[in-house]
Amino acid sequence: MIARGNPEAWPTMSAASHAVLREIVVNGALPRAELAARLGLSKPSLTRITRSLMDDGFLLEGGTELRGGMGRPSELLHLRPESRRFVGLKLTGDHLYAVVSDLGATVIDAYDEPIVDRSVAAVLEQIRIVVARFDESWGPLTAVGAALAGTVQGSGRGRVVVESAFLEWANVPLVRLLEDATGLPATVDNDVQALTAAEHWFGAGAGLRTMVLLTVGVGIGCGLVINDELVDGAHGTPGRISHLIVDPSGPYCDRGHRGCASSYLTNSSIAGALPRDPAGERTYEYALEQAREGRPSALKAFADAGFALGCLIGTAANLIDPAKVILSGDGLAVYELAEADVWRGIRQTHEEDLERLDVDVQPFDFGEWARGGAVLAIRNAISP
C-alpha cells in the first residue's frame, strides 16, 4: 500500500505567505501588526495572506496580548499544528527510527525496528510499510523527511546520498526513491544537519540567528546556522571539525591523523584507551561503567575526551560567534564526567570572554534524529 498523499495537503502559496507561516511556526503566536513590521508587509497584504492561510487550515485567531507595554491588546494569530502531519525517518547501519509529527514538530507517534538487509531496495520496502501504517492511523500525510549519516548533495528530486558508510550506500537517488515508494513529497539530508534544523526552529536554538550544534558519540558532528540559515556547504559537508588537532603528540585516529579530536572524543576512541573488559573486548559501555566507578584510567580517558570537546567548542565559537553552542548525541556522558576538562579546552582555544559563550547541553535519544527528519520535511514545505 502506498500512502495516500493529499494533493491539497500543501497548497501553492506565495513567498510572502511562506514567510508569514514561518514566523508563526518558529516564534509562536503573533499579532498582525508585529508580523507586518517584521516582514515589511502592508496591512492589506498581510490581511489577504493571513485570510488565505486561515482558509487552508494553517492558522487561527484567538486571544489577545499586550505587546510592548503600550496601547490596546492585540489579537493573536496562532498556528494550527494539527492541520498537517509529517513523517520523519532516521536510518542507521542497523536500525530504522520513524516518527509522525504535527506542523509544530511535536511527535505524535513513533516506531522503530531493526534493519536486517541494508540493500537500498530492502530498506525502501521497510520504509514503505512503516509509512503506510502511519498513513492508516494518521493520514493523510503531508511529506516525509529522512536523515542518515553520510554526504548528501543535489537539490529537489535529484538529491543524492553520495555516500553513507554505515549503510554501505553510494550514489543513491534517495529523494526520488522515497517519493516513488511512499507517494509523498520527500527530502533527505545528513543526520546532523537534520538535528541542527530541528534545534534551530523548534528547540534550544529557536529564534536564534547564529548557533552551533555539536554532536558526540559514535562520530563527531557539527551543524552551523549563520544569519538564520542552515549552512549547507559547497559539497554537502559543512562543519567538519572532528580532525582538528588537539595534541600533535597524541594517539592516531582511524584516518591516520595524530592527536586530532576524533582520536580522543569518539566512543570507540574512549573505549580504545582502556584495557579490555572481562570478555576480552573494548566497549564504550565498559569504559563508562569504569569511569562511574572512579577507575583512574577511565577517568583520564574521559578527561582527555572532555578537553578535546572543549577545543572544538572554542574553535567553533571563534569562527562564527554563535549566540549558543548546543551539545547533543549519544556520547554526552563526556560532558557529565569531564565538565571541568571541557571548559579547560574552551579556555585554551576561545579568544573572547567566556561569559559570552552559552553552552547548552540537550538530552538525547535516537528518536530526536527521526524528529529531525520530520523537521526537514516541515522546513522544505515552508521554505522550499
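In what follows, the structure referred to is the one given above.
Conventions and cut-offs
- Residues numbered from 1 in each chain as written.
- Predicted model: local features only at pLDDT ≥ 70, side-chain atom pairs only at ≥ 80, totals over all residues.
- Heavy atoms only, no water.
- Salt bridge = Lys/Arg side-chain N within 4 Å of Asp/Glu carboxyl O.
- Helix = DSSP H or I, 4+ residues; strand = E, 2+ residues; numbered from the N terminus.
- Buried < 20%, exposed > 50% of the residue type's maximum accessible area, 1.4 Å probe, protein only.
- Contact = heavy atoms within 4.5 Å.
- Core = buried A, V, L, I, M, F, W, Y, C linked by side-chain atoms within 4.5 Å.
- Pairing = 2+ DSSP bridges.
- Axes fitted to C-alpha atoms, helices over the stretch in contact; angles between N-to-C directions.
- Parallel < 35°, antiparallel > 145°, perpendicular 65-115°, else oblique.
- Left-handed = near helix turned anticlockwise from the far one by under 90°.
- Nonpolar A, V, L, I, M, F, W, Y, C, P; charged D, E, K, R; others polar.

*Asks:* Run through the pattern of salt bridges, naming residues and quoting values.
*Replies:* This structure, assessed with the given rule, holds 19 salt bridges. The closest approach of N and O atoms between Glu34 and Arg38, which form a salt bridge, is 3.0 Å. On the criterion of helical spacing, the pair formed by Glu34 and Arg38 is a turn pair, its members being four residues apart in helix 2 (residues 32–39). The exposure class assigned to Glu34 is partly exposed, which follows from its relative accessible area of 21%. The closest approach of N and O atoms between Arg159 and Asp189, which form a salt bridge, is 3.2 Å. Note that Arg159 is positioned in the loop between strand 8 (151–153) and strand 9 (160–164) and Asp189 in strand 11 (residues 186–190), a separation of 30 residues in sequence. Assigned by exposure class, Arg159 and Asp189 land together as buried.

*Asks:* Please set out helix 9 (residues 284–292) residue by residue, giving values where relevant.
*Replies:* What helix 9 keeps buried is the set Tyr284, Tyr286, Ala287, Leu288, Gln290 and Ala291. Along its buried surface, helix 9 packs onto helix 8 (267–272), helix 10 (296–320) and helix 11 (333–337).

*Asks:* Residue-level account of the nonpolar core, with values.
*Replies:* Counting residues in hydrophobic clusters, the biggest one holds 85 residues, and the most contacted among them are Leu214 and Ile313. The leading source of residues in this core is helix 10, at 13 residues. Once residues lying within four places of it in the same chain are set aside, the contact partners of Ile313 are Leu214, Val325, Leu327, Val342, Ile346, Leu357 and Val359. Formed by 30 residues, the second largest nonpolar core is a distinct cluster that contains Leu141, Leu148, Val175 and Val188.

*Asks:* I'd like to hear about the sheet that holds strand 13 (residues 220–226), residue by residue, with values.
*Replies:* Across a sheet, strands are paired by hydrogen bonds formed along the backbone, either parallel or antiparallel in direction. Pairing is mixed across the open sheet formed by five strands, whose spatial order is 14-13-12-15-16. Only two strands of the sheet have a single neighbouring strand rather than two, namely strand 14 (229–230) and strand 16 (359–361). Bridging between strand 13 and strand 14 involves two bridges; their strand directions are antiparallel. Counterpart to Ile226 in the pairing with strand 14 is Glu229. Contacts from helix 10 reach strand 12 (211–216), strand 13, strand 15 (324–328) and strand 16 within the one sheet, and its direction differs from that of strand 12 by about 160°.

*Asks:* Run through the sheet that holds strand 4 (residues 85–91), naming residues and quoting values.
*Replies:* Taken in spatial order, the five strands line up as 6-5-4-7-11 in an open sheet, and their pairing is mixed. The open sheet terminates on both sides in strands that have one partner only, identified here as strand 6 (107–114) and strand 11. If you compare each strand with its neighbour and ignore which way they point, the axes differ by 15° on average. Where strand 7 (residues 143–148) meets strand 11, five bridges bridge the pair, whose relative direction is parallel. The partner of Gly145 across the bridge, within strand 11, is Thr187. Running over the sheet, helix 4 (residues 120–138) touches strand 4, strand 5 (95–102) and strand 6 and is turned about 150° from strand 6. Strands strand 4, strand 5, strand 6, strand 7 and strand 11 of the sheet are contacted by helix 13 (residues 366–382), whose axis makes an angle of about 130° with strand 4.

*Asks:* Outline the packing of helix 1 (residues 15–27) against helix 2, supporting the account with residue identities and numerical values.
*Replies:* Here helix 1 crosses helix 2 at 115°, and the two axes come no closer than 11 Å. Classified by the angle their axes make, helix 1 and helix 2 are roughly perpendicular. Of the two possible hands of crossing, helix 1 and helix 2 adopt the one that is right-handed. Each of Ala19, Val20, Glu23, Ile24 and Asn27 in helix 1 lies in contact with helix 2, whose residues at this interface are Leu35, Arg38 and Leu39. When the residues that make up the contact of helix 1 with helix 2 are grouped by side-chain class, the tally is five nonpolar, one polar and two charged.

*Asks:* Can you lay out unusual backbone geometry for me, pointing to particular residues and giving the numbers?
*Replies:* Cis geometry is adopted by the peptide bond preceding Pro140, which originates at Gly139 and carries an omega value of 0°. Along the polypeptide, Pro140 turns up in the loop between helix 4 and strand 7. Its identity as a non-glycine residue notwithstanding, Asn171 has a phi of 55°, on the positive side. With respect to the secondary-structure elements, Asn171 resides in strand 10 (residues 169–172).

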